[in-house]
Structures are given as structure tokens and as C-alpha cells.
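Chain by chain, the residues:
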Amino acid sequence: MKKIILLSVLVAVVAAFFALDLNQYFTLEGLKASQQQLESWQTESPLMTTLVFFLVYVAVTALSLPGATIMTLAIGAVFGLFWGLVLVSFASTVGATLAFLVARFVLKDSVQAKFGDRLAAINQGVEREGAFYLLTLRLVPVVPFFLINLLMGLTPIKTRTFYWVSQLGMLPGTLVYVNAGTQLGQLDSLAGILSPGIIFSFVLLGIFPILAKKLLDQIKKRRVYQGYEKPTHFDRNLVVIGGGAAGLVSAYIAAAVKAKVTLIEAHKMGGDCLNYGCVPSKALIKSAKVAQQMKDAEHYGLESVQPKFSFRKVMQRIHDVIAKVEPHDSVERYTSLGVEVLQGYGKVIDPWTVEIQLNDGGVQRLTTRSIIIAAGAQPFVPPIPGIEDTGYLTSDTLWAELAKEEDIPERMVLLGGGPIGCELAQSFGRLGANVIQVERNPRVMMKEDPEVSELAQQALEKSGVTVLTNHDAVRCELRGDDKVLILSYDDNGVQKEKEVIFDRLICAVGRTARLTGYGLEDLGIETERTVVTNDYLETLFPNIYAAGDVAGPYQFTHTAAHQAWYASVNALFGEWKKFKADYSVIPWTTFIDPEVARVGLSESEAKEKGIAYEVTRYGIDDLDRAIADSSAEGFVKVLTVPGKDKILGVTIVGTHAGDLLAEFVLAMKQGLGLNKILGTIHTYPTLAEANKYAAGEWKKAHAPEKLLTWVEKYHSWKRGQKPETGAVAAERQAAEQTEKQTENQAEKQV
């Protein structure tokens, strides 16, 4: 209400200004005509005249009225250069700040709520370097100052910063106009004040803050390198530490552009994804899914059977799959591509030197222009008392350890309700293990919407998994031959304990970046949960970069490869052009059955961030192909900008959801909306039609009802029928509405 009242008052004042034709007093001709009178007032009552000029100038500027230029000339003519400059400088800055505050109070919240996703990068830039942006704009008078006042009010720049930068930035322009005012009699038009030479000078002046910032950056960089001696020549253009997804892609790109690059890996090429994560887990998921399909064969008109299998053979198949994929990431392949691969531990000695403790016992030192840290992450093991005594497995160790088992462990406890935990729990449950999954949070898959978590838990329980949410692992105990996990949970305000006997305990509660052992701590490179980098993936030292799990903020193989492109290109060509890592469209999939895939905002995140949105939903249970495949479960859920088809985020739950998501990822990346998806031919019958039908649901909800009413009348006229009278039309519409409500109620009951 306060905003509406203030806005109404301002509109009324501005309207009155033009209605009363007050703008006639703010012309060059009007000023010349009243110059003697103004000077007379100044002579008779200097203090009052000064105050009136100050208040009028503040009002004109605050209300963004035309006339500030004439006011500046008038003050120059009446008060002279020095006092005129002082008066205009403070009055214009106060007025500009008032306009800034009004725009912030009235518009900022609504603008940020509606366009927050688009403005995120601008907001971040203003928070970091708002003073430089503002100063540059203020120093170039061709940019309307009133527009700067209003637009800056919509950003997070601090008010005091806006004030002092505005006063400083407007000073040169103010000086020119006040000085012109002292020679008012010689002015024929306002255009004569700013000659092309003066405008060009202002443009150069506007570039000055940018040049100053660049200079400061260079000084800062030199200060960082103080105490280190830069080599006169280098052995390599790039050294990459870590042979996982980020390291492999970085080395590949460097070799592709003919740079001399060395890749250092101490253990297995391919990193966690190939050896412990994506590849083995998906191989396990496939075996478990086939076993489940055999149990559910009756759904396909076949006879259900209990699958008989050797768990050892299932695990052997997983290792066979790893072996088949391994050549893609092998030393031999990368050597053939032009990458020097050294097997050993790399350590950064100084910003340009890496020492390698080779696995064969040798030591090698290399100088390099740039370094990329791609050391990856490792499973986090919670500090549960007794866990070392009872033993545990992680995603790194379970593949080798369980391969030794002839039969699947009968009693398995899995700690963690995230993607890794859910995938493993469902797979082992489908293969016949008695799996208990423990999650300390209120639901599994906490990063997704509650309805997604609910469906995921139902899928896990359907696969034989006992899901215990809101349970904390307190301690592990050995009791004779039994291994026991004690859990703590809240029972109506009373804290109770539960005991679970297990054969194998798997920790899947997350992964932590590898931050020690390769010299970061010796160089003072900052680390928190990850290696701290800027938008260009640079660390404290501009020639040392980090990419992949060690850098965050996402721990996905595809984002590691994505970051590797930015890190390697910036490392090799950053002196000419640098690129900020782009995280605007990051997809991910949890490969439980049915799969859960998402890109962009979830509904929970949109609410948390205060971003306005609309939800469009299509149930896959209505899709012909899904029905034919007996996989008619799940949904496509799309978040869009209210009233528009711009996609903010998509969640898909269903079979092959990860594959279906790709169309939305492309659409978001290329700025395509739901109308484009709706207008694209999708093969029938395929699961991909779900995307088109979701777009159709959005279109149906935004149908132009008024236009369609007139179209209906047009078609009636074409049939030679008279248009319905108001009473007949109303009666028909009421009947249609009743029929529609009956249908909706029937659907809800079903």
C-alpha cells in the first residue's frame, strides 16, 4: 500500500508539472529572459536564493523531470563557477540518490522477483564491481543520468556507494555546464555546450575506470607472485594434475590446439567415474533391472520367474564393462593424441613448477606456464564411533570387495539418501539383499521437490528396501559375530534408539574434494570445501586453475568436463580472452527406476528464491508408448515465467527421464520456449512425446478464450446460423461448465 501511495503521489506531481506547463520555465529562452531577475534575487537575498535553487534542483532530479541542464546553466550564471559547481554537485547528487531510493523502494522487489534469473549475473557483477560500473556511466554524459538513477536502484549496489560515486562521476560534466552558464549570453543552443571534442574527451574519461581496474588487477597479480622467480622459458604450456573427467578433457583440449601438455595421474586413468562411480553403478543398475523385469514378467503377458544368478558373475560383469570402457581413457590413447602422461603424484612447488613423484620411484620436475588442478573428490566417511571396528564400504571400495563374495550379502545397511545411496539401495534390494537405507533428513533426495522424494521412496520400498528417514547413525558395535548399527530417532518428542544387525555397511553420504597432498597449502591457495576459484576458475595465482569435483559447485562428470573447457582455454589463451564458467543450464539424473531428471529450478527452489513461476504438468501415465511398455508412471513438470513460455526448470520422473531431459536442456540453453517444442514433430509412439504433450498442456492453459469466443461466432456465421443471444449463450456456457466440473471430479476420483 505504501508503494502504491508513493507512486501515485509521484505520478500526480509529474502530471501537474506538465499540465501546468511549468516546463516553459526550463528552456534556454526562458532562462535568458529571466537572467536579470535571478541575479537580482541573488543580490538581495543570497541565502534564500541558494536554498530555493538547491531544493528545486533536488526536486527536478529526484522526479526525473526535464530541466536539470537548464538549472545547471542558471546556477552557473547566477552563482559563478566555484559556488555554482558546489551547489549543483550536492543538489544533483542528493536528487539522484532520492530517485535511486524511490526506484529501489517501489520497483526493486517486483523486478527481481520477475527477472531474478536473468539479473543474477548483473547482480553479482554490481556487488563486486558496482562502483566501477557506475563511475564509467557517470563520466559519459551521453548516457541519460535519470535512467542511471532508476536502473541502479534495481541493483544491490549500496546507497552510500551510489552517492559518493555519483558525486565524483558527475563532477566533470557539472563543471562543463556550470562554466557554460557563466557565459550564458553567448549560448545560442544547448547543442553548443557539448562539442564533438568534449564528448570524445568524456568517453575517454569514462574508459579511465576500466583501465584503472585493469592496472590494479595487474598490480595485484604481481603482488601475488612476489617472492617467486618466474622462469625465462618453460618445459610445458600446461600441466594437469588428475586423470579424471576434468583432467582428461583439459589435456585433450590442450593437445588439440597443439600445446605441449603433461597429464599426471597417480592411480587409474578415468578417475572415479570410470572406476568407482558412473560406469560400475550403471552396470549394476542394469543387472538389477533385468532381475526385476523377470520377477514382473506377468506385466508383459509372460510368466514371472525368480531370477537365479551368481552374484560373483554379476560383479564380474561390472568389471568387464569397466574394462571395455577403459581404452577410451587409457594412457595409450592420450599419448597417441599428443598428451604426455606421467604415472605418479604431482605437487606444485611454485606457481610455475610441478614436481612428480613417479610410481616407478623416480622424480621429475617440470616448469609450465599454467597448471590445472583436477584432483577430484573422495567418499566422505562419517565419524561414527566403532565404524572402523565393524568395517564399512564406500563407492570406491565396494566394487572390489563385493566381487569377492559368492552370494550377495543378506543384510546390508546403506547410509545416505542422496542419488548414490538411492541407486545402490534399489539395485541391491532388487538383487535380493535385505537393504535398510538410513537417511538423517526428513526425506530421501532432499534436493528435489517433496513429491519427487515421495515417488522415489515408494520406488525404493517397492524394490524391497526399508527406508528409515529422520534416523541418525549413532555408533557401531561388535557383539560376537554380529555387527550392529545403533540408530537414533525421534518418537513424538522422545529420543529413542533402534538396533540394526548388518553384514555389510555402505557409506554413501557424499563426497569431499581432495584438497591436500599436492602443494596448495604450501602456496597459500585458499580452500574451503573446495579449491576457491573465481568466475574464470583461477585460484589465488592467475595461472593456476581448478576444475571438476575439486572445484565444485557440482559433482557431476558432465560439469567436470564442462569446467575443463573453460579452465584449459583460459589457461592457454587467457592473456587474450577469458571466459567465465557458465552454470546457467546444468542437468542431472538419478538413475533409480523410475529415473529422476532435472535441469534448472525446482519448484522448491523457486519458492525459496522468491522467483515467480507457473507450473505445467503432464502425467506420463497417459502416454501411449509408456502404456505399451508397462512403464506408465511419472510426470513431466515444467516451470515457466508467468504468462510466458520461457522455461525456468524441468523435472521429469519416469523411465528414460535422463534421455527425455535433453530436449529441455537444449531449449533452455538456446533460449527456446515451450511453443517451439510444441511446434516440433515428435515420432509416434515414443516416450519423447511426453515433452510435446507437456508443452501442449501449457498452451491449453494459455488459450486466448476471448478470441476463441469470437472465432466460434465466426464459424457459426459461416454455417449460416444466427449468433446466440446472451441468454442462450449463457445457458450453454453454464451447461458446459457443469459438464467440465463433473469430468474433473470423476478424474480426481479415479
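On a predicted model such as this, the values are computed, not experimentally measured, just so you know.

With respect to helix 16 (residues 419–430)
Logical step 1: Its 12 residues give helix 16 an end-to-end C-alpha distance of 17 Å, which sits within 8% of 16 Å, the value for a rise of 1.5 Å per residue.
Logical step 2: Most of helix 16 sits out of view: 10 of its 12 residues are buried.
Logical step 3: Every buried residue of helix 16 is accounted for by Gly421, Cys422, Glu423, Leu424, Ala425, Gln426, Ser427, Phe428, Gly429 and Arg430.
Logical step 4: Of the residues one or two after helix 16, Gly432 is the one with positive phi, at around 110°.

Here we look at the pattern of salt bridges
Pairs can form between side chains of opposite charge whenever their charged atoms are close.
Logical step 1: In the structure shown here, the tally under the stated rule is 29 salt bridges.
Logical step 2: Close ionic contact of Asp593 with Arg430 constitutes a salt bridge, the shortest N to O distance being 2.9 Å. Residue Asp593 is located in the loop between strand 17 (587–590) and strand 18 (595–600), and its partner Arg430 is located in helix 16; the two are separated by 163 residues in the primary sequence.
Logical step 3: Arg625 is paired through a salt bridge with Asp629; the nearest N and O atoms lie 3.0 Å apart.
Logical step 4: Bridged by salt links that share partners, the residues Asp449, Glu451, Glu603, Lys607, Arg617 and Lys637 form one connected network.

Digging into the pairing of strand 1 (residues 236–241)
Logical step 1: Within strand 1, 5 of the 6 residues are buried, which leaves it mostly tucked inside the rest of the structure.
Logical step 2: Summarising the sheet, strand 1 and strand 2 (residues 261–265) pair through 4 bridges and their orientation is parallel. Each residue of the ladder has a partner; that of Leu238, found in strand 2, is Val261.
Logical step 3: In this fold, strand 1 hands off to helix 9 (residues 245–256), which returns the chain to strand 2; that crossover is right-handed.

A look at empty space enclosed by the protein
Logical step 1: Scanning the entire structure with this criterion turns up 1 cavity of 30 Å³ or more.
Logical step 2: Counted as a void, the largest cavity has a volume near 40 Å³.
Logical step 3: Forming the boundary of the largest cavity are Pro379, Ser395, Ile420, Cys507, Ala508, Val509, Gly510 and Arg511.
Logical step 4: Taken together, the residues that form the lining of the largest cavity break down as 5 nonpolar, 2 polar and 1 charged.

A look at helix 25 (residues 705–718)
What sets the pattern is the α-helix's 3.6 residues per turn: residues three or four places apart point alike.
Logical step 1: Across its 14 residues, helix 25 extends 20 Å between first and last C-alpha, which sits within 8% of the 20 Å expected from 1.5 Å per residue.
Logical step 2: Just beyond helix 25, the residue with positive phi is Gly720, at close to 85°.

A few points about the sheet that holds strand 9 (residues 434–439)
Logical step 1: Strand order in the open sheet made by the 5 strands is 7-14-8-9-10, with parallel pairing throughout. Each edge of the sheet is formed by a strand with only one pairing partner; in this case those strands are strand 7 (393–394) and strand 10 (466–469).
Logical step 2: Looking at chain direction, strand 8 (residues 411–415) and strand 14 (residues 504–507) are connected through 4 bridges and run parallel. Counterpart to Met412 in the pairing with strand 14 is Arg504.
Logical step 3: Of the strands in this sheet, strand 8, strand 9 and strand 14 are in contact with helix 16, which crosses strand 9 at around 165°.

Points about the pairing of strand 3 (residues 340–350)
Logical step 1: When strand 2 meets strand 3, the two strands line up parallel, connected through 4 bridges. Its bridge partner being in strand 3, Glu265 is matched across the sheet by Gln343.
Logical step 2: When strand 3 meets strand 4 (residues 353–358), the two strands line up antiparallel, connected through 6 bridges. Note on strand 4: the bridge partner recorded for Tyr345 is Gln357.
Logical step 3: The hairpin turn running from strand 3 into strand 4, its antiparallel successor, is 2 residues long.

Let's talk about the environment of Gln37
Logical step 1: Topologically, Gln37 is positioned in helix 3 (residues 35–44).
Logical step 2: Residues Gln37 and Val78 lie 41 residues apart in sequence; the distance between their C-alpha atoms is 9.9 Å.

A look at the packing of aromatic side chains
Logical step 1: Taken as a whole, this structure holds 14 aromatic pairs when the rule is applied.
Logical step 2: Here the aromatic rings of Tyr228 and Phe541 are separated by 5.8 Å at their centres, their planes lie at 80°, and the arrangement is edge-to-face. With Tyr228 in the loop between helix 8 (196–224) and strand 1 and Phe541 in the loop between helix 18 (520–523) and strand 16 (544–546), this pair connects stretches of sequence that are 313 residues apart.
Logical step 3: Residue classification places Phe541 among the buried positions, given a relative accessible area of 1%.
Logical step 4: Aromatic ring contacts, followed pair by pair, group Tyr225, Tyr228, Trp352 and Phe541 into a single cluster.
Logical step 5: Between Lys577 and the ring centre of Phe579, over which it is positioned, the NZ or CZ distance is 5.6 Å.
Logical step 6: Looking at Lys713, its charged tip hangs above the ring of Trp710, at a distance of 4.4 Å from the centre.

Rules of the game
Throughout this document, residue positions are counted from 1 along each chain, in the order its sequence is written. Local features in a predicted model are, by the rule used here, given only for residues with pLDDT of at least 70; side-chain atom pairs are given and counted only at 80 or more, and totals for whole chains, interfaces and linings are based on all residues. Note: side-chain values were computed over all heavy atoms of the structure, leaving out hydrogens and water. What counts as a helix is a DSSP run of H or I of at least four residues, what counts as a strand is a run of E of at least two, and both are numbered from the N terminus. Working rule for helices: expected span equals 1.5 Å times residues minus one. When a residue's accessible area, from a 1.4 Å probe over protein chains only, is under 20% of the maximum for its type it is buried; when over 50% it is exposed; and in between it is partly exposed. Whenever a carboxyl oxygen of Asp or Glu lies within 4 Å of a side-chain nitrogen of Lys or Arg, that contact is scored as a salt bridge. What makes two strands pair is DSSP finding at least two bridges between them. Whether a crossover is right-handed depends on one test, that the path from the first strand over the helix to the second runs clockwise when the strands point away from the viewer. Here a cavity denotes a set of grid points, spaced 1 Å apart and computed over the protein atoms alone, in which a 1.4 Å probe fits but from which it cannot get out, and a pocket denotes an open set meeting protein on both sides within 12 Å along at least five of seven lines; residues with an atom within 4 Å of a point are reported as lining. Grid points are joined across faces, edges and corners, and a volume is the space filled by probe spheres set on the points. Ten residues, namely Ala, Val, Leu, Ile, Met, Phe, Trp, Tyr, Cys and Pro, are considered nonpolar, four, namely Asp, Glu, Lys and Arg, are considered charged, and the remaining ones, Gly among them, are considered polar. The contact definition used throughout considers only heavy atoms, calling two residues in contact when any of these lie within 4.5 Å. Axis angles are defined between N-to-C directions and span 0 to 180 degrees, where every axis is a line fitted to C-alpha atoms and, for a helix, only to the segment in contact. Note on aromatic contacts: the rings of Phe and Tyr and the six-membered ring of Trp form a pair at centre separations within 6.5 Å, being stacked when their planes are under 30 degrees apart, edge-to-face when over 60 apart, and tilted otherwise. Any Lys NZ or Arg CZ found within 6 Å of a ring centre and within 35 degrees of that ring's normal is scored as a charge over the ring.

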